[in-house]
Amino acid sequence: MKISLNWLKNYINLDFVSVDEVVHKLTVSGLEVEEVTDYSKIYNNFVVGFVKERKKHPNADKLSLCVVNDGNNDLPVVCGAPNVEAGQKIVFAKIDAVVPNGGFKITKAKIRGEVSNGMICSERELGISDNHEGIMVLDSNAEPGTPIAEYLGLDDVVIEISITPNRSDALSHIGAARDLASILGKDLIIPEVKLQESNEEANELATIKIENPDGCARYIGKVVTGVKVGESPEWLKKYLKAIGSRSINNVVDVTNFILYELGQPLHAFDLDKLAGKKIIVKNASEGEKFTSLDSKERVLKNTDMMICDAEKSVAIAGIMGGENSEVTADTKNILIESAFFNPKYIRKTAKRLGMSTDASYRFERGCDQEITKLAAERAAQLISEMSGGNVAKGIIDINPVPFVPQKVNLRFSRIKRILGYEVDYTTVISILKKLGFTLSRESDKENIFIFIPSFRHDIEREIDVIEEIARIYGYDQIPEVERIAVTLEAKTDQLLPNEEVRNFLVSIGFNEILTNSLLNEEIASEFGNPIEVLSPQSSEMSHLRSSLIPGALMTVARNEKVKENSLKLFEIGHTFNKINETISDFSDFSEESRLLLILAGYAQDNSWYQKERKFDFYDLKGCVDSFIKKFSLDKEVYDSYNSFDNKLLEFGYQKLIKNKPLGFGGKIKPAVLKKYDISSDVFIFDLSLD
């Protein structure tokens, strides 16, 4: 996420705050700064130039020989762009300028026998955009010799921050400003909307219907009539250009501006292209074809959510609009879409279609349901001001699933217990308020009841709130502790220490493995009664593992493919199984810490003093018995071979303790190994560490 410092200053007073301090405060708050670009330094020796003459290069068909005035001198310049012409104002890189895209230094050169004293630049070479079809042509009123950073409004500092998936609220200038204001103890300035509405009612000009409230909890429409689509004002183009976004027209630019200002994706429809002046949010028809704004035809599934009019689909919800309703130079009336889409729907559709847009990136992570109205009204105001349009009276707000703020009880004493240091009550309250939390009237100095704002989906529990306090108070404020008291009392409820288990198994030749705790439904179901993940990243990681065995078999298969034929492995990990089909609390599922031993391939290689030998059942049993004896359980644990039936094992046995199963193991059936493409014999023992 790129943040323009000039843009950011609209939402927080940064007088007397240096760039270095801004960068430091953002980083320590968790918004890690990856790169800082000071354009006034980058564009040193780049000026507005005037092409006085242009003629064909005498020794090359595709090159031009130009005379460029840099404000002081007329200089010969060789240019390879097809669109260079005499009379143009251009971006001129003087001798010693360093081109941003490529990092090469401009020197006096001879190109095909002709001297060149500089370079006429494209937007791509300047690092402004990816456009490299020709040179960048400036307005005719540009004054030759003007530093290009000054002329383009790029006398700005752009800060690129890395946003973790849980911090979707920080994917905007307002989001970054909120954190910065909280750290610096300043006020956050939210832009004020002052609408002058016409007498036309928005509800009479358009209608909206949501058929899939699970996929779209809120959809707002704002109508602006009589717009004149054209070029955006310079201030808007400069803001967008600073963060690498290309200006398109005054309507589309405003929707992009709101995206980067508030973090709310918007879409502008040509209202006259919407059949029946109607918007319907519903699922696509299976196999439906749709041409998106990038001119590509997409084949849809009935799980994809679409924005439709009375006759056809007009947009892939939350991802991209269609060519059949886009704003063009002829557009007169527009409908502004500001919606809240379920991240699950957007993520699945975007991934399947291979479409990643600025809008989908935000919707996938969860936008702010409550900011949709402000975003629509602010966009309507700006479009009206720039295009001369009239804002229709009222707003179309379809809200089938209203937002209900979550309430969390923060115990003040708990803050010190968790953090290890004290933050005074006044500071805690100030931090919470500046972060957008609302305090309940029932709060007191011991129990602070707070309502979580709609833009912080990631905060669910008391511990999350305490982390926010630590983050804003400052990790660098954590005091140094000179003395730590450690109790030496024995714990009677101490579990079998995993480190001792690891050390012993390594000492007898085992290697530890770590496998994924997420599996697909089919595999997880073969080994237990697995628990489904609410928002899986993919179908291959949709369920928590019910056993360590499938992960181990996948590991054996991979090692066998690279000719690793002697495997003595172990894994310590947690497994999860449903007890009741509906999970509402901890009694509905089990979580166990288990140890799995795996033997596969050859126990010993062929050599002059011994013949090669494959692992067998007795190797496994010997390892298990050594383990049991190591932890002094050999007097308590006994073997059982009676009526041991296991779908996984060709033959095996159990270890029992007080007539309860401690673990089981044996040789895995060939049919099971075939599923994993394993050719060698595999022996396992699965034991409960709890």
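Refer to the structure presented above.
Residues numbered from 1 in each chain as written. Predicted model: local features only at pLDDT ≥ 70, side-chain atom pairs only at ≥ 80, totals over all residues. Heavy atoms only, no water.

(A) Representation of the overall build of the chain within the structure. Helix and strand content of the chain: 20 helices and 37 strands. Judged by the C-alpha coordinates and their principal axes, the chain covers about 95 × 75 × 65 Å. The 690 residues of the chain split such that 50% are buried. In the chain, 67% of the contacts between residues at least 6 apart in sequence involve partners at least 24 apart. Surface summary for the chain: the accessible area is close to 34900 Å², and the carbon and sulfur share equals 47%. (Helix = DSSP H or I, 4+ residues; strand = E, 2+ residues; numbered from the N terminus. Buried < 20%, exposed > 50% of the residue type's maximum accessible area, 1.4 Å probe, protein only. Contact = heavy atoms within 4.5 Å. Areas by Shrake-Rupley, 256 points an atom, 1.4 Å probe, with all protein chains shown as cover.)

(B) Just the sheet that holds strand E27 (residues 447-451), in detail. Overall, antiparallel pairing links the three strands, which are arranged E25-E27-E26 in an open sheet. Across the chains shown, the open sheet's two edge strands, defined by having one partner strand only, are strand E25 (407-411) and strand E26 (438-439). Bridge count for E26 against E27 is two bridges, and the pairing is antiparallel. Paired with Leu 439 across the bridge in E27 is Ile 450. Along the sheet, helix H13 (residues 412-419) contacts E25 and E27; its crossing angle with E25, the most-contacted strand, is approximately 70 degrees. Packed onto the sheet, helix H15 (residues 462-473) meets E25 and E27 and runs at close to 65 degrees relative to E25. (Pairing = 2+ DSSP bridges. Axes fitted to C-alpha atoms, helices over the stretch in contact; angles between N-to-C directions.)

(C) Spatial organisation of helix H12 (residues 372-387). Compared with an ideal rise of 1.5 Å per residue, which puts 16 residues at 22 Å, H12 spans 22 Å between its outermost C-alpha atoms and is within 8% of the ideal. Gly 388, located one to two residues past H12, shows a positive phi value of around 75 degrees. (Expected span 1.5 Å × (residues − 1).)

(D) Geometry of the pairing of strand E13 (residues 207-210). Every second residue of E13 is oriented toward a common face, the buried set being Ile 208 and Ile 210 and the non-buried set Thr 207 and Lys 209. Pairing of E13 with strand E16 (residues 278-283), which is carried by four bridges, proceeds in the parallel orientation. Pairing of Thr 207 across the sheet is with Lys 278, part of E16.

(E) Fine view of the nonpolar core. Core analysis: the largest hydrophobic core is formed by 52 residues, its most contacted members being Leu 8, Ile 159, Ile 161 and Ile 258. Residue contributions to this core peak at seven residues, all from helix H9 (residues 250-262). Setting aside residues up to four positions removed in sequence, Ile 161 forms contacts with Met 1, Ile 3, Leu 26, Leu 31, Glu 32, Val 33, Glu 34 and Ala 170. Counting residues in each nonpolar core, the second largest holds 41 residues, with Met 305, Met 306, Ala 350 and Phe 363 among its members. (Core = buried A, V, L, I, M, F, W, Y, C linked by side-chain atoms within 4.5 Å.)

(F) Inspection of the side chain of Asp 70 at higher detail. Take Asp 70: it is sitting in the loop between strand E4 (64-69) and strand E5 (74-79). One buried charged residue, Asp 70, remains without a salt bridge, the closest side chain of opposite sign being Lys 94 at 4.2 Å. A polar side-chain atom of Asp 70 sits 2.9 Å from the main-chain amide nitrogen of Asn 72. Ignoring any residue separated from it by four or fewer positions in sequence, one finds Asp 70 in contact with Val 47, Val 48, Leu 75, Phe 92, Lys 94, Pro 144 and Gly 145. (Lys, Arg positive; Asp, Glu negative; His and termini not counted. Salt bridge = Lys/Arg side-chain N within 4 Å of Asp/Glu carboxyl O. Polar contact = N/O pair within 3.5 Å; in protein donor to acceptor, adjacent residues only side chain to side chain.)

(G) Summary view of the packing of helix H2 (residues 19-28) against helix H6 (residues 173-184). Relative orientation of the contacting elements H2 and H6 amounts to 100 degrees, with a least axis distance of 10 Å. In terms of orientation, H2 lies roughly perpendicular with respect to H6. On the side of H2, the interface is formed by Glu 21, Val 22, Lys 25 and Leu 26, while H6 contributes Ala 176, Leu 180, Ile 183 and Leu 184. Here the contact of H2 with H6 is composed, by residue class, of six nonpolar, no polar and two charged. (Parallel < 35°, antiparallel > 145°, perpendicular 65-115°, else oblique. Nonpolar A, V, L, I, M, F, W, Y, C, P; charged D, E, K, R; others polar.)

(H) Seen up close, unusual backbone geometry. Backbone geometry at Phe 16 places phi at a positive 65 degrees, although glycine is not the residue there. As for its placement among the helices and strands, Phe 16 is situated in the loop between helix H1 (5-8) and H2. Non-glycine residue Ser 632 carries a positive phi angle of around 60 degrees. You can see Ser 632 is positioned in the loop between helix H19 (617-630) and strand E34 (637-640). By relative accessible area, Ser 632 is classed as exposed at 58%.

(I) Just H2, in detail. Looking only at H2, the buried set comprises Val 22, Val 23, Leu 26 and Val 28. Taken together, the buried residues of H2 touch H1, strand E2 (32-38), strand E11 (157-162), H6 and H15. One or two steps after H2, the chain reaches Gly 30, where phi turns positive at roughly 110 degrees.

(J) Main features of the sheet that holds E2. With antiparallel pairing, the three strands of this open sheet are ordered in space as E1-E11-E2. The open sheet has two free edges, formed respectively by strand E1 (2-4) and E2, since each of these has just one partner strand. Sheet twist, expressed as the average angle between the axes of neighbouring strands with direction ignored, equals 25 degrees. Looking at chain direction, E2 and E11 are connected through six bridges and run antiparallel. Looking at the pairing, Asp 38 lines up with Val 157 of E11.

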